[in-house]
Amino acid sequence: MASGKRRTEENREFNQDWTESFAFICNADGLPTCRICHEKLAHNKKSNLERHFTTKHTQFAGKYPTGDARKKAVGELQKKSVSSMLSNCTQSSNNVNLASFAVSLEIAKRG
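The rules behind the values
Residues numbered from 1 in each chain as written. Predicted model: local features only at pLDDT ≥ 70, side-chain atom pairs only at ≥ 80, totals over all residues. Heavy atoms only, no water. Helix = DSSP H or I, 4+ residues; strand = E, 2+ residues; numbered from the N terminus. Buried < 20%, exposed > 50% of the residue type's maximum accessible area, 1.4 Å probe, protein only. Contact = heavy atoms within 4.5 Å. Salt bridge = Lys/Arg side-chain N within 4 Å of Asp/Glu carboxyl O. pLDDT = per-residue confidence, 0-100. Disulfide = S-S within 2.5 Å.

- With an unreviewed UniProt entry as reference, the protein chain is termed SPIN-DOC-like zinc-finger domain-containing protein, source organism Araneus ventricosus.

1. Looking at the overall build of the protein chain
Part 1 of the argument: Scanning the protein chain from N- to C-terminus turns up 4 helices and 2 strands.
Part 2 of the argument: Seen in sequence order, the protein chain has helices and strands lined up from the N terminus as α-β-β-α-α-α.
Part 3 of the argument: Going through the 111 residues of the protein chain one by one, you find that 23% of them count as buried.
Part 4 of the argument: Within the protein chain, contacts between residues at least 6 apart in sequence are counted, and of these 36% link residues at least 24 apart.

2. What to know about the pattern of salt bridges
Part 1 of the argument: Inspection of every chain in the model, using the stated rule, returns 3 salt bridges.
Part 2 of the argument: In this structure, K56 engages E39 in a salt bridge whose closest nitrogen and oxygen atoms are separated by 3.0 Å. Of this pair, K56 sits in helix α2 (residues 46-56) while E39 sits in the loop between β2 (32-34) and α2, placing them 17 residues apart in sequence.
Part 3 of the argument: What makes E39 partly exposed here is its relative accessible area of 29%.
Part 4 of the argument: Here the salt bridges do not stand alone but share partners, grouping E106, K109 and R110 into one network.

3. What about the confidence of the model for the protein chain?
Should the pLDDT be low somewhere, the predicted coordinates at that spot are not to be read in detail.
Part 1 of the argument: Averaged over every residue, the pLDDT of the protein chain is 79; residues scoring 70 or more account for 82%.
Part 2 of the argument: When pLDDT is averaged over each element of the protein chain, α2 comes out on top at 90 and helix α4 (residues 68-110) at the bottom at 76.

4. Comments concerning the state of the cysteines
Part 1 of the argument: All chains considered together, the criterion is met by 0 disulfides.
Part 2 of the argument: C34 supplies the cysteine sulfur nearest to C37, a cysteine that is in no disulfide, at a spacing of 3.7 Å.

Here it is as structure tokens:
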């Protein structure tokens, strides 16, 4: 007779097909992250990703049915994400430069 405990599948890996199907990517921690709303899920399970996509992004699923249209839309989401990340880095760098100049100016004024 089998024991009452369920075995869980260890070391689940992210499937690259989920990027096109559900607009998810694998983040640096190995967790699935939604490209549309940037929500991170706890496990690499297809059912979790599918449930998130079908319940929270029904308009996206309707507008871009599976196939080339969805693949192109997900690609655009990835491009926007990369460009916004670069923009944030640039803005942060500019803030550091401005602060550095302000400190230098105060030092120069006070001799």
